[in-house]
There are 2 protein chains.
Amino acid sequence: MNRVLYDLCGIDENLRFSPYCWRVKLALAHKGLDVECRPWHFTDKDALEFAYYDKVPVLVDGDEVVTDSYQIMAYLDRAYPDTPALLGSGEAEARARFFKYFGERLLAPAILKTVIMDLINAVHPKDREYFRDTREKRFGRTLEEFHSPAKGLAQLDTALEPMRGALTDNEYLDGKSAGGADYLVFGFFMWARCVSSADLVSNADPVYDWIERMLDLHDGLGRKALRITDVEGAYR
Amino acid sequence: MNRVLYDLCGIDENLRFSPYCWRVKLALAHKGLDVECRPWHFTDKDALEFAYYDKVPVLVDGDEVVTDSYQIMAYLDRAYPDTPALLGSGEAEARARFFKYFGERLLAPAILKTVIMDLINAVHPKDREYFRDTREKRFGRTLEEFHSPAKGLAQLDTALEPMRGALTDNEYLDGKSAGGADYLVFGFFMWARCVSSADLVSNADPVYDWIERMLDLHDGLGRKALRITDVEGAYR
């Protein structure tokens, strides 16, 4: 296979929890494209030098090197126009962008407050100092001070309101079937699922049913993913 | 003209502040369709009996009667397919729905906490008892208890995050020009603007520049709207 995705791994090489890599793995499956997901650690900066980038996802598709999950989705739409669209074009693409930021700027901070201590536990030991240093600098406090599941879950509960409305009207954010908007948001739920056993959403919530549907897509790609709770001795 | 929009009015017959009616007025302008905006009060329930509905907006377009702002926008796309799309179809339409709920369930509660006392002041005196009773029942407390500009503005500041991202990438939520997503959200900013002089957004915010652009659209339809601060003796 001539297609490689550099994919963050954790304490187990098969524990793959990056929300941005999940967007891309689901996007590739949506297009019916195979990929080799190559394990990468936060501190493997040298391995990405060829891409002039220091983060994953990085997709190598034949001669093409594409970085950034949203850019990769846009690239896949351009490079494989005969496969089902992810972002689409015109207004559809502009609207997709809102889901990108909804995930990154409303859901991610709320989920991070809830699972940050699970997350550092899932990070590979050789990456933990790097992870702690960069995140503590970003938060302006220690991970332990930032950790606040009660606050995180309350923030998440508020932030999910527009999803509840949309998912009462439709099965997916993109309508009758899942698409780019769903993947842009769902990556963050895979992130939490892989590193934590925390219940983010009550089973009476329309968002819960959507998560279940998303886990089943593409032969259960999300549902089959290794979780920290499956890694012997790794979950506190 | 054979097209009538029942449009909520306040203490002055020309004070039109309903966020849902604003969606429709901007949507009609987007389509290049003229309309007579007929003043309606909260307690004028009889006037809407023909529509089997008790709220505005109600659009009467020749023989067609359409209620609910989102349904009206969908109707306009169906009835006038040769005019620029509002919601569009397929994924674009499904994504538009998210903006509807984003406005209604994240922005509206935050704005309402901030401007509720301005709002009742803008309501026509004959409607105030109705407005107070229905809203106090909905909030489970008095308007005075619900009123909390500090909390409302903090909530709004968080909720605007995805808009900041999208509006840094594009001039409008719908991309290079304004469309359905923009109108679905902007209605709530018109609501606040018409009843209050509160600054909801700092002028360094990308959302501020978008509001300014939205106010200028369609010959300054939003900017020309009467504000409570223009109504002599009405603003505290």
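What you see is a predicted model, and the numbers here were worked out from it, not measured in a lab.

Brief notes about the domain arrangement of chain A
Residue and element names in this part refer to chain A.
Part 1: Partitioning chain A into structural domains gives domain 1 (3-79) and domain 2 (90-219).
Part 2: For domain 1 and domain 2, the distance between their C-alpha centres works out to 19 Å.
Part 3: Facing 20 residues of domain 1, the contacting portion of domain 2 comprises 30 residues.
Part 4: Surface buried jointly by domain 1 and domain 2 totals about 2300 Å² across both partners, of which 69% is contributed by carbon and sulfur atoms.
Part 5: Three residues stand out in domain 1 for area buried against domain 2, namely Arg23, Phe42 and Tyr70, and they jointly supply 30% of the buried area on that side.

Structural notes on the UniProt feature "domain: GST N-terminal" (unreviewed entry) in chain A
Part 1: UniProt records the feature "domain: GST N-terminal" (unreviewed entry) at residues 8-84 of chain A, using the numbering of this structure.
Part 2: The distance separating the terminal C-alpha atoms of residues 8-84 of chain A is 26 Å; by composition the span is 31% helix and 18% strand.

Overview of the interface of chain B and chain A
Part 1: Contact with chain B, which involves 31 residues of that partner, is made by 31 residues of chain A.
Part 2: The largest share of the area that chain B buries against chain A comes from Arg95, Phe98 and Pro162 of chain B, three residues that together contribute 29% of it.
Part 3: For the pair chain B and chain A, the number of links is six salt bridges.
Part 4: Notably, a salt bridge pairs Glu161 of chain B with Arg105 of chain A, separated by 3.3 Å at the nearest N-O pair.

Comments concerning the nonpolar core
Part 1: In this structure, Met163, Phe189 and Trp210 of chain A together with Met163, Phe189 and Trp210 of chain B are the most contacted members of the largest nonpolar core, which totals 172 residues.
Part 2: Residues contacting Trp210 of chain B, with those up to four places away along its chain left out, are Met163, Leu167, Glu171, Tyr172, Leu173, Asp182, Val185, Phe186 and Phe189 of chain B.

What to know about helix H1 (residues 19-31) of chain B
All names here are of chain B.
Part 1: Between the first and last C-alpha of H1 there are 19 Å, a value that for 13 residues agrees with the 18 Å anticipated at 1.5 Å per step.
Part 2: Of all 13 residues making up H1, eleven are buried, and the element is well covered by its neighbours.
Part 3: For H1, every residue scored as buried is listed here: Pro19, Cys21, Trp22, Arg23, Val24, Lys25, Leu26, Ala27, Leu28, His30 and Lys31.
Part 4: Residue Gly32 follows H1 closely and has a positive phi angle near 70 degrees.

What counts, and at which threshold
- Residues numbered from 1 in each chain as written.
- Chains lettered and ligands numbered in written order.
- Predicted model: local features only at pLDDT ≥ 70, side-chain atom pairs only at ≥ 80, totals over all residues.
- Heavy atoms only, no water.
- Domains from an automatic or database assignment.
- Contact = heavy atoms within 4.5 Å.
- Buried area = accessible area lost by both parts, 1.4 Å probe.
- UniProt positions renumbered as here; feature names shortened; annotations may be inferred.
- Helix = DSSP H or I, 4+ residues; strand = E, 2+ residues; numbered from the N terminus.
- Salt bridge = Lys/Arg side-chain N within 4 Å of Asp/Glu carboxyl O.
- Core = buried A, V, L, I, M, F, W, Y, C linked by side-chain atoms within 4.5 Å.
- Buried < 20%, exposed > 50% of the residue type's maximum accessible area, 1.4 Å probe, protein only.
- Expected span 1.5 Å × (residues − 1).

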